[in-house]
Amino acid sequence: MRPGVLTLHGFLGSDKRDLIEILEEDEAEVRRMGTSHRAIADKMAYLRDRGKDGLGEFIDVDPHFEVRVDSVRGGIPSPFGGPGLIPKTNTTVRNTALQREIVYTDINIHLIGEHGFYEGKGSLFRMEPHELVEILEVETEQQQTELPSNR
Amino acid sequence: MFSALMISVGAVTGISALLAVLMVIADATIGNYGEVKITINGDHEYEVKGGKPLLGTLMEQEIFIPSACGGRGSCGLCKVKVKEGAGQFLPTELPWLSDEEKENNIRLSCQLKVKNDMSIEIPEELFNVKEFQAKIAKVRDLTHDIKEVTMELADPPEINMVAGQFVQLRIPEYELTDEPVYRAYSVASNPSDTKHVELEIRLVPNGIATTYVHNYLKEGDDIIFNGPYGDFFLRDTEREIICIAGGSGMAPIKSILLNMAERGIDRRVRYFFGARSKKDLFLVDEMRRLEQELPNFKFIPALSNPEEEDEWEGETGLITDIVASHMETGDNTEAYLCGSPGMIDACVKVLSEKGVPDELIYYDKFG
């Protein structure tokens, strides 16, 4: 997790809390919003997969997103261990209805979906759960049970 | 009470001093591997100080193994065959090595420490790679997120390279990094201009190197880079050429085309360039000039989502669809691709379906 091991800046930023506290507080926030880490990660992955059709340029994704997916050379292993390398893919999502934009990487998708880890505060790649839920319009668990899946 | 406090302070100070002495002794003994010998390709010998990763040790001898991640073990570029003196594979190497590579003693030089005499093999062309000190001669906006950076070489004053190769730019310490990092960029200039190197650098969100280039780098700055690297170059055949690129993938293709024009290479070339809208297109005038110089060259830009004010009359759609519609057959054709992995995968599929053999499709793919 610390700087200089897997990445230049590490995954904890300037956060003074220990890892368990970081995980617990983000978990609590996600629950307060009525959703789950898996739902957030699934929406991130869905928009990334649709964005790949743009072949490196922005592409329209219904209902009102513009998405661009690009990559830089290499991959990163997960700081939680496990096999393989995660590609260094960047997904930029613009919500044109809200006029807001967010950028995330494939390792963000993995860390959130598999470990509920949004990185420490002050980390260059820290994802705020509420921003992800708002900009990507992640469905709440109630919405997921009420509506049929369109994916 | 006071004497108890003083005794405690004295004890803590004494323990700290003892630990410091122990660390100095450990560093001088356990961590000191002394002088070791590295033999490269059987005949180049170097006496080096042991203990550091092979990548950095070779760099100190001015032998530059490609690396796009600054030695963090996250790009897999710095592979080297180690015939003797390597020891066991490290956990940080294993994700990057195939079974065949392991059998052939291929190692990740940024992870492998030099602890004893070693014998290694590297491509001979890496002896041509040098570190260059240069000055930023020009910085120009090509689009809202791509900058063209021209470096004038100072020491050494000239570079010997092939059109299509890349260099590694050294980004100094600044707001986003407290140590220098190296990043790889394809060269866009004609290699016959040995005194300059031109790069096209697209801003990557939160990118350490691209943020520096876009927000801090200015004309007159000193800069360091090393190179040239890579085997993406025009093959010497008579086949027709298809080039496909998007964004800053223009760079190596432009270098190849400029070189072709200078050398009077008259092969049929079609260059498909994909962008979203007109504001993402660049160097169109330069491509049209090249069409005058190379009578068999055709530049075909395609916009996937032109805006109304673009008043676009050119090709519209995804670049893969445009390539498919223009290609009758892949007979007697070779292809050069540069862009995102998704674009390359999609284009390779189209080209293969048209009959271009896999071995004649050349690309520099990330990941």
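Per the secondary structure count, chain B includes eight helices and 17 strands. Overall size of chain B, expressed as C-alpha extent along the three principal axes, is 90 × 50 × 40 Å. When burial is assessed residue by residue, chain B has 40% of its 367 residues classed as buried. Nonlocal contacts in chain B, meaning residues at least 24 apart in sequence, comprise 69% of its contacts between residues at least 6 apart.

We now examine the overall build of chain A. Counting its secondary structure elements, chain A contains five helices and four strands. Helices and strands appear in chain A in the N-to-C order α-α-β-β-β-β-α-α-α. Taking as baseline every contact in chain A between residues at least 6 positions apart, the subset at least 24 positions apart corresponds to 54%.

Next up on the list: the interface of chain B and chain A. Listed by partner, the interface residues are 32 residues for chain B and 28 residues for chain A. For the side of chain B that touches chain A, the elements supplying multiple residues, two or more each, are strand 9 (181-186), strand 13 (269-275) and helix 8 (341-353) of chain B. Counting residues per element, the side of chain B that touches chain A draws most heavily on helix 8 of chain B, which supplies four residues. Residue classes in the side of chain B that touches chain A are distributed as 16 nonpolar, 13 polar and three charged.

With that out of the way, let us pick up the sheet that holds strand 5 (residues 118-121) of chain B. Residue and element names in this part refer to chain B. If you trace the five strands from one edge of the open sheet to the other, you get 2-1-5-3-4, paired in mixed fashion. Of all strands in the sheet, those with a lone pairing partner are strand 2 (44-49) and strand 4 (106-108), marking the two edges. Across the sheet, the mean angle from the axis of one strand to that of its neighbour is 40°, orientation sign disregarded. Both strand 3 (residues 79-84) and strand 5 contribute to a ladder of three bridges, which runs antiparallel. Paired with Val-82 across the strands is Ile-120, a residue of strand 5.

Glancing now at helix 7 (residues 319-326) of chain B. All names here are of chain B. Listed as buried for helix 7 are Ile-319, Thr-320, Ile-322 and Val-323. Take helix 7 and look down its axis: the buried residues cluster within an arc of 160°, on one side only. Here the buried face of helix 7 lies against strand 12 (240-246), strand 13, strand 14 (297-303), strand 15 (315-316) and helix 8.

Residue and element names in this part refer to chain B. In spatial order, the strands read 9-8-11-6-7-10; together these six strands make up an open sheet with antiparallel pairing. Every other strand in the sheet has two partners, leaving strand 9 and strand 10 (196-202) as the edge strands with one partner each. For this sheet the average axis-to-axis angle between neighbouring strands, irrespective of direction, equals 40°. Inspection of the sheet shows strand 6 (residues 130-141) paired to strand 7 (residues 146-155) by eight bridges, in the antiparallel sense. If you follow Lys-135 over to strand 7, its bridge partner there is Glu-152. Across the sheet, helix 4 (residues 208-215) is in contact with strand 7, strand 8 (166-171), strand 9 and strand 10; its angle to strand 8 comes to roughly 75°.

As paired elements, strand 3 of chain B and strand 4 of chain B share three bridges and run antiparallel to each other. Bridge assignment links B:Lys79 to a residue of strand 4 of chain B, and that residue is B:Leu108.

Further remarks concern the packing of helix 7 of chain B against helix 8 of chain B. All names here are of chain B. Packing of helix 7 against helix 8 leaves a shortest axis separation of 9 Å and a crossing angle of 20°. As the angle between them shows, helix 7 and helix 8 are arranged roughly parallel. In this structure, helix 7 crosses over helix 8, and the sense of that crossing is right-handed. On helix 8, the residues touching Ile-319, Thr-320, Val-323 and Ala-324 of helix 7 are Met-343, Ala-346, Cys-347 and Val-350.

In this structure, the amide linkage connecting A:Asp62 to the following residue, A:Pro63, adopts the cis form with an omega of 0°. The amide bond that connects B:Gly227 to the next residue, B:Pro228, takes the cis arrangement and shows omega of 0°. Mapped onto the fold, B:Pro228 is located in strand 11 (residues 222-229). You will see that A:Gln99, though not glycine, has its phi angle at about 55°, which is positive. Examined against the element boundaries, A:Gln99 turns out to sit in the loop between strand 3 (86-95) and strand 4 (100-105). Of the residues examined, A:Gln99 has 7 C-beta atoms within 10 Å and is grouped as exposed. Of note in the backbone geometry, B:Asn105 takes a positive phi value of approximately 60° without being a glycine. Tracing the backbone through its elements, the reader meets B:Asn105 in the loop between helix 3 (99-103) and strand 4. The partly exposed category is assigned to B:Asn105, around which 15 C-beta atoms lie within 10 Å.

Attention shifts here to the environment of B:Val48. Residues and elements named next belong to chain B. Note that Val-48 resides in strand 2. Under the C-beta neighbour-count criterion, Val-48 is labelled partly exposed, with 18 such atoms within 10 Å. Remark: the alpha-carbon pair of Val-48 and Gly-34, spanning 14 residues in sequence, is separated by 8.4 Å. Apart from the residues lying within four places of it in its own chain, the contact partners of Val-48 are Val-36, Ile-38, Thr-57, Gln-61 and Val-114.

A few words now on helix 4 (residues 129-136) of chain A. All names here are of chain A. Residues of helix 4 that are buried include every one of Pro-129, Leu-132, Val-133 and Leu-136, and no others. End-on view of helix 4: buried residues confined to an arc of 95°, all on one side of the axis. Looking at the packing, one finds that the buried side of helix 4 touches helix 1 (19-32), helix 2 (37-51), strand 3 and strand 4. Backbone geometry just downstream of helix 4 places Glu-137 in the positive-phi region, at approximately 55°.

Attention now goes to the domain arrangement of chain B. You can read the domains of chain B as domain 1 (35-125), domain 2 (129-229) and domain 3 (240-363). The gap between the C-alpha centroids of domain 1 of chain B and domain 3 of chain B is 37 Å.

Conventions we followed
- Residues numbered from 1 in each chain as written.
- Chains lettered and ligands numbered in written order.
- Predicted model: local features only at pLDDT ≥ 70, side-chain atom pairs only at ≥ 80, totals over all residues.
- Helix = DSSP H or I, 4+ residues; strand = E, 2+ residues; numbered from the N terminus.
- Buried ≥ 20, exposed ≤ 12 C-beta atoms within 10 Å, placed from the backbone.
- Contact = placed C-beta atoms within 7 Å.
- Nonpolar A, V, L, I, M, F, W, Y, C, P; charged D, E, K, R; others polar.
- Pairing = 2+ DSSP bridges.
- Axes fitted to C-alpha atoms, helices over the stretch in contact; angles between N-to-C directions.
- Arc of directions from axis to C-beta.
- Parallel < 35°, antiparallel > 145°, perpendicular 65-115°, else oblique.
- Left-handed = near helix turned anticlockwise from the far one by under 90°.
- Domains from an automatic or database assignment.

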